[in-house]
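Listed below, chain by chain, are the residues.
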Amino acid sequence: MSTLVSVSADEAPARRSAAALLWRRLSRNVMSLAALGLLVVVALTAAAAPVIMPYDPDAPDAERTLEPPSRRHWLGTDLYGRDQLTRIVYAGRVDLLVALEATAVALSLGAALGAVSGYRGGWIDQVLMRIIDTIQAFPSFILAMGIAAALGNRLTNIVIAIAITHVPIYARLIRGEMLRIREMEYAEAARTVGNPRRRIIFYHLLPNCFPPVVVQATLAMGFAILTVAALSYIGLGIRPPTSEWGAMTAEGAGYIVSGEWWIFLFPGLAIMATVLSFNLLGDALRDVLDPRMKGV
Amino acid sequence: MLGYLCTRVLLVVPTLFGVTLVTFVLTYILPGNPALVKAGPLATPQHIAEMERRMGLDQPMAVQYWRYLRGLFRGDLGESHTTGRPVLEDLIQRVPATLELTLAALAVALVVGIPLGVVAAVRRDGWLDHVSRLLGVGGVAMPTFWTGLLALYIFFYALGVAPPPLGRLATGITPPPLVTGLLTVDSLLAREGRALASALHQLVLPALVLGFSVMAPLTRMVRATMLEVLESDYIKAAWAAGLPRRTVIYGDALRNCMIPVITLLGVVFGFLMAGNVVVESVFAWPGIGNYAVAAMMSKDSGPIQSFVLFVGVVYVFVNLAVDLVYGLVDPRIRLR
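Quick caveat: nothing in here was measured; it's all calculated off a predicted structure.

Along the backbone of chain A there are 12 helices and 0 strands. Its helices and strands taken in sequence order, chain A reads α-α-α-α-α-α-α-α-α-α-α-α from the N to the C terminus. In terms of overall dimensions, chain A has a C-alpha envelope of 75 × 45 × 35 Å along the principal axes. Out of the 296 residues belonging to chain A, those deemed buried represent 48%. In chain A, 68% of the contacts between residues at least 6 apart in sequence involve partners at least 24 apart.

Here we take up the interface of chain A and chain B. Each partner contributes to the interface: chain A provides 39 residues, whereas chain B provides 38 residues. Counting only elements with at least two residues in the side of chain A that touches chain B, the list comes to α5 (122-136), α6 (140-151), α10 (210-233), α11 (245-253) and α12 (262-289) of chain A. With 9 residues, the top contributor of residues to the side of chain A that touches chain B is α6(A). Looking at the side of chain A that touches chain B, its residues break down into 28 nonpolar, 9 polar and 2 charged.

Residues and elements named next belong to chain B. One non-glycine residue, Arg191, adopts positive backbone phi at about 55°. Within the fold, Arg191 resides in the loop between α9 (183-189) and α10 (193-230). The backbone phi angle of Lys299 is positive, close to 50°, even though this residue is not glycine. For Lys299, the location among the structural elements is in the loop between α13 (288-297) and α14 (301-329).

All right, on to the environment of Ala230(A) then. Structurally, Ala230(A) is set in helix α10. Those residues within four positions of Ala230(A) in sequence are excluded, and the remaining contacts are Phe141(A), Gly246(A), Pro143(B), Phe145(B) and Val278(B).

Calculation notes
- Residues numbered from 1 in each chain as written.
- Chains lettered and ligands numbered in written order.
- Predicted model: local features only at pLDDT ≥ 70, side-chain atom pairs only at ≥ 80, totals over all residues.
- Helix = DSSP H or I, 4+ residues; strand = E, 2+ residues; numbered from the N terminus.
- Buried ≥ 20, exposed ≤ 12 C-beta atoms within 10 Å, placed from the backbone.
- Contact = placed C-beta atoms within 7 Å.
- Nonpolar A, V, L, I, M, F, W, Y, C, P; charged D, E, K, R; others polar.

Below you can see the structure in the form of structure tokens.
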């Protein structure tokens, strides 16, 4: 009993100092702080959009169609006179939510598969890994396209399409970690005292696989946003009139020949800024959480 | 070495089966009844049931999969109900356009990306290094369709130097006689200067956009490996021996950077295929990506399935080639 107490007592300060270290590193790096700040702003404005935005994202205004940026409409208006800035902020809800849900689903599924695969080994590992191989036999965007086309343009289906293509990222990562961890002494100890296998895998070992997973998930969020936007751009993702960054860019594509640049430019900038922030944050987290990968 | 090669080649077989299984399942769950589409809007329920029976849609899933596989072996990819032609013919007609764009983009990515990575590493913290790092983080965050539109806005609308994004040749130019299907090569073979100029003119912008979209990981990898290699003892020995700078950097050091670059090519190819779809869509490039997007819009299951299958199979073989080349280049793998 006394050993158990001392273990958890040891663990607590270690965790706290890791969080403190994380914050110290992040706050020292201007770029990652800016990235974090931008993500917070995007998330908050998206969440509070109905309160803070002066316009309705879907309300047409026949008097003010295709207006360039002005003091009244900071980022201009589209063909129906809708305020671009409002639509971009509202679109953030869709893009962030889809990416977040897809990442959450892929992470849970991938973690479970990878953990079981890595811990059990043998034929279970073989079968699960062949399934993962099959998913990875396709370029992920192409498979996401196929799944989205097969399931149809619904929000849930886009989430499923992206989640499936992201499962291998986590499954492989966790399997690798599991292979390493399962031979460690505390895993041996957990086995010796007669814990059931499920408890060993999901309670004792899996939490220790998480540092690299957090890094991957942050980077994968950016990739998921790019995927939703690209699917929507080609018409397979979110459909107008819902505001979504990729779909909005697609609407702007037709105006390039007539010079209305603000319609395609700003939604794309929103995508780029958000994805860039996730990438910078992911890189910074990697430096802190996964020092082996530093500088790569 | 032979063992490694054989195992790697044999592993392709189950992977290909997996690929066909996935594409089969995709169509199996695709909404809309193909029999209904084929029978037409005026069909009676009996007519539809008859059509389902003839198309084998009333059979169990395993039987349908078996029929699908048998069809594949005969080169039967089904029919497109929008073009009304066999999908295989449609694909064959469109593959050269995609191939030409992909190869040109790959050339752009390699020719610009690798030297940039080398210079960035050699002149660390110089201005090109900053450019390369900016590209490394910024380039991967830019959605390819948006880069394409931006390029069109600048070079077509504002500067007027790029042609309108309407396919592979300007209107009024007769395509050269078909040999390879690559318009630049064919017009060169036929010595048709105007066709060549037009094909190149149309190709430049989409190729630059697509190449740019995959360049960042290459540059990043070359830079990182180069930095590591330049620190190694044998490079220091080469400097100490007084070998010319060019020989050391581009001969000894770069050659050792090529192994990770080769392994990266599989990933790059995957990105290229994905990028192709959106770039073809932006530039109205008549390749297989555009074909697939059109099919997806009209829920035309044959082309969708075959496009995903085609890309999957090509990707499997590209990865096989990458692994084999890697095995040949890196003696550590060969001896294992």
